[in-house]
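Here's the letter readout for the chains.
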Amino acid sequence: EEERELALMLLIDISGSQRVGSKEQLKKELIAELSAVIAFSAIQNNDKIGALFFTSKTELFIPPAKGKKHILRIIRELIEFEPSESQTDISEALRHYTNAIKKRSIGFLLSDFKTENKEGLEKALKITNNRHDLVAVRIKDKNEEELPNVGFMNFKDSETGKRKWINTASKKQRIKYKANALRNDSEIKEILRKSGVDFTTVNTDESYIKPLMDLFKHR
């Protein structure tokens, strides 16, 4: 809650990796649900809400406005919108946000942070967080950290489309896969910490209520 009227922007990652998920829920479904929760919470405080859908570019920009109809439009777009690209560039989305929204606002960045362009991400986060109040919600799925032991599998990168055969029966391969995932996880956490952005992590197979509550208590 704020004493003055604010604009709240949802910066939503709709790249190819959001179509990944365990049997409980896809990442894109969790992002849609979180976006709805945040948007309906903001409308209780009479704030304006806008959205920026991004991949390696801005796919859709919806300027901040008030009202339940406006929120329902954002949610409908989240469910139905088909992006033209599949890769991710968070820095580009942040640049668009800072250029488009001049007055100080609250920005919720919802992404799995699977971006090849880690260079410049910390700087872009710092610049955005200086102008606006930026909050990051990291979306994770357990299948991206643990390989099942089921023999040879043909993997397709959801963002680049590249395919690769992996022998999941190999303990060495499973350890390597997990080590890579943990290293990437650690890098992203360090970038967020250095940039001064408040963040939390939500998993597709767990309730998002506690991570969000903890985040708001911390803030």
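Residues numbered from 1 in each chain as written. Predicted model: local features only at pLDDT ≥ 70, side-chain atom pairs only at ≥ 80, totals over all residues. Heavy atoms only, no water.

Asker: What exactly am I supposed to notice about helix 1 (residues 27–43) here?
Answerer: An α-helical turn contains 3.6 residues, so a residue and the one three or four places further along point in the same direction. For helix 1, built from 17 residues, the straight-helix expectation of 24 Å at 1.5 Å per residue is met to within 8% by its first-to-last C-alpha distance of 24 Å. Those residues of helix 1 that fall on the buried side of the exposure criterion are K27, L30, I31, A32, L34, S35, A36, I38, A39 and A42. (Helix = DSSP H or I, 4+ residues; strand = E, 2+ residues; numbered from the N terminus. Expected span 1.5 Å × (residues − 1). Buried < 20%, exposed > 50% of the residue type's maximum accessible area, 1.4 Å probe, protein only.)

Asker: When you look at the pairing of strand 4 (residues 106–111) in this model, what are you seeing that I'm missing?
Answerer: Looking along a regular strand, one sees the side chains alternate between the two faces of the sheet. For strand 4, a buried count of 6 out of 6 residues is recorded, marking the element as mostly surrounded by other parts of the structure. Here strand 4 shows a buried face lined by I106, F108 and L110 and a second buried face lined by G107, L109 and S111. Relative to strand 4, strand 1 (residues 7–13) is paired through 5 bridges, and the arrangement is parallel. Paired with L8 across the bridge in strand 4 is I106. Of the pairings in the sheet, the one linking strand 4 to strand 5 (residues 133–140) comprises 6 bridges and is parallel in character. (Pairing = 2+ DSSP bridges.)

Asker: Even after reading the chapter, I still don't get the side chain of S15, so can you show me in this structure?
Answerer: Among the structural elements, S15 can be located in the loop between strand 1 and helix 1. At 2.7 Å, the side chain of S15 and the side chain of D13 are in polar contact. A distance of 2.9 Å separates the side chain of S15 from the side chain of T88, its partner in a polar contact. (Polar contact = N/O pair within 3.5 Å; in protein donor to acceptor, adjacent residues only side chain to side chain.)

Asker: Explain the packing of aromatic side chains to me, please; I cannot follow it from the model alone.
Answerer: Where two aromatic rings form a pair, the distance of their centres and the angle of their planes describe that pair. In this structure the tally under the stated criterion is 2 aromatic pairs. Ring centres of F53 and F81 lie 6.0 Å apart, and the angle between their planes is 75°; this geometry places the pair in the edge-to-face category. Taken together, the positions of F53 in strand 2 (residues 48–54) and F81 in the loop between helix 2 (68–80) and helix 3 (90–100) put the pair 28 residues apart, joining distant regions of the chain. Between the aromatic rings of F108 and F216, the centroid separation amounts to 6.3 Å while the plane-to-plane angle is 70°, which identifies the pairing as edge-to-face. Of this pair, F108 sits in strand 4 while F216 sits in helix 6 (residues 209–218), placing them 108 residues apart in sequence. (Phe/Tyr/Trp six-rings, centres within 6.5 Å; stacked < 30°, edge-to-face > 60°.)

Asker: Mind showing me how you'd approach the packing of helix 4 (residues 121–131) against helix 5 (residues 171–195) here?
Answerer: Two quantities define a packed helix pair, namely the angle between the helix axes and the distance between the axes. Two elements in contact, helix 4 and helix 5, have axes separated by 9 Å at closest approach and are oriented at 35°. With respect to the hand of their crossing, helix 4 and helix 5 are arranged in right-handed fashion. Contact with helix 4, carried on its side by L121, E122, L125, K126 and N129, involves I191, L192, K194 and S195 of helix 5 and no other residues of that element. Tallied by class, the residues present in the contact of helix 4 with helix 5 amount to 4 nonpolar, 2 polar and 3 charged. (Axes fitted to C-alpha atoms, helices over the stretch in contact; angles between N-to-C directions. Left-handed = near helix turned anticlockwise from the far one by under 90°. Contact = heavy atoms within 4.5 Å. Nonpolar A, V, L, I, M, F, W, Y, C, P; charged D, E, K, R; others polar.)

Asker: Before we go on, may I ask you to explain the sheet that holds strand 4 in this structure?
Answerer: Strand pairing within a sheet occurs via backbone hydrogen bonds; the two strands may be parallel or antiparallel. Across the sheet, 6 strands lie side by side as 3-2-1-4-5-8; this open sheet has mixed pairing. Bordering the open sheet on either side are strand 3 (58–65) and strand 8 (198–203), each of which pairs with just one other strand. The sheet shows a mean angle of 15° between the axes of neighbouring strands, direction not considered. Bridge analysis of strand 5 against strand 8 gives 6 bridges, and the strand direction is parallel.

Asker: Looking at this structure, how should I read the pairing of strand 3?
Answerer: Summarising the sheet, strand 2 and strand 3 pair through 5 bridges and their orientation is antiparallel. Paired with F53 across the strands is L60, a residue of strand 3. In this antiparallel pair of consecutive strands, strand 2 and strand 3, the connection spans 3 residues.

Asker: Sorry if this is basic, but what is going on with the environment of R193 here?
Answerer: Locating R193 in the fold gives a position in helix 5. Exposure remark for R193: the relative accessible area of 51% places this residue in the exposed category. Put simply, R193 and N99 are 94 residues apart on the chain and 24 Å apart in space, counted from C-alpha to C-alpha.

By themselves these figures say nothing about function.
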